Amino acid sequence: MKLLDLSRKRCSIRKYDSRPVEDEKLDYILETARMAQSAVNYQPWYFLVIRQEAGRENVCKCYPREWMKPAPLYIVVCGDHQQSWKRPSDGKDHLDIDAGIATEHICLAAAELDLGCCCVCNFDKELFSKLFHLPEHIEPIAIMPVGYPTDPELFNTTPKKRKPLEELVIREKF
């Protein structure tokens, strides 16, 4: 599938059946995330995979939404502030940018495999860090429920509102 077609297919799925995701598919998704670009190639990320019931229940304590519960697994993108590149001119930490790129690789790989995924950033970060024993310099950035959609047509029927290209592209200067 061409990247543009895959980008058009990808959407935030919020209806999962409980069928487990095969190890080969999970490994493929994680490998695509591993291959994501990062500033100075520092790769300041970890991918916390949560499949067991106790862990899944703890994730749902941090983001208590009913639609998340049926997902058979979560990939949590975590960033390491000790490993991330900081721009010398102003100290800007590129961790969020790097983690965002890896997160999108996860989303696209899941869609390629006909798996649903949703990037959840609105969760209790402190509670998550406590429940999963994250070191202080590791930040949970995004929770990604991954699983089979209850209906494969969700890829086609989920609204994908996007601004027209002419509203987004500025040529040469503002």
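About the thresholds
Residues numbered from 1 in each chain as written. Predicted model: local features only at pLDDT ≥ 70, side-chain atom pairs only at ≥ 80, totals over all residues. Heavy atoms only, no water. Helix = DSSP H or I, 4+ residues; strand = E, 2+ residues; numbered from the N terminus. Contact = heavy atoms within 4.5 Å. Pairing = 2+ DSSP bridges. Axes fitted to C-alpha atoms, helices over the stretch in contact; angles between N-to-C directions. Expected span 1.5 Å × (residues − 1). Salt bridge = Lys/Arg side-chain N within 4 Å of Asp/Glu carboxyl O. Buried < 20%, exposed > 50% of the residue type's maximum accessible area, 1.4 Å probe, protein only.

A. Focus on the side chain of Arg-10. Position of Arg-10 among the secondary structure elements: in the loop between helix H1 (3-9) and helix H2 (23-34). Among all residues touching Arg-10, those that are not within four sequence positions of it are Glu-104, Cys-107, Leu-108, Ala-111, Lys-160 and Arg-162.

B. Spatial organisation of the sheet that holds strand E4 (residues 138-147). Judged by pairing direction, the sheet is antiparallel, and its 4 strands sit side by side in the order E1-E2-E4-E3 without closing on themselves. Two strands lie at the open edges of the sheet, namely strand E1 (45-50) and strand E3 (116-117), each paired on one side alone. Two strands pair when backbone bridges link them, and strand E2 (residues 73-80) and E4 are joined in this way by 8 bridges, in the antiparallel orientation. If you follow Val-77 over to E4, its bridge partner there is Ala-142. Packing of H2 onto the sheet brings it into contact with E1, E2 and E4, and relative to E1 it is tilted by some 165 degrees. Packing against the sheet, helix H4 (residues 95-112) makes contact with E1, E2, E3 and E4, and its axis sits at approximately 10 degrees to E4.

C. Inspection of H2 at higher detail. The end-to-end C-alpha distance of H2, which contains 12 residues, comes to 16 Å, matching closely the 16 Å that a straight helix rising 1.5 Å per residue would cover. Against E1, E2, H4 and E4 lie the buried residues of H2.

D. Seen up close, the pattern of salt bridges. What the rule picks out here adds up to 9 salt bridges. With a closest N to O distance of 2.7 Å, Arg-34 and Glu-31 form a salt bridge. Taken as a pair, Arg-34 and Glu-31 lie in helix H2 at a separation of 3 residues, close to a single helical turn. Its relative accessible area of 35% is what places Glu-31 among the partly exposed residues. Between Glu-139 and Lys-125 there is a salt bridge, and its shortest N-O distance comes to 3.7 Å. Remark: Lys-125 occurs in helix H5 (residues 125-131) and Glu-139 occurs in strand E4; sequence separation between them is 14 residues. According to the relative accessible area criterion, Glu-139 is buried, its value standing at 19%.

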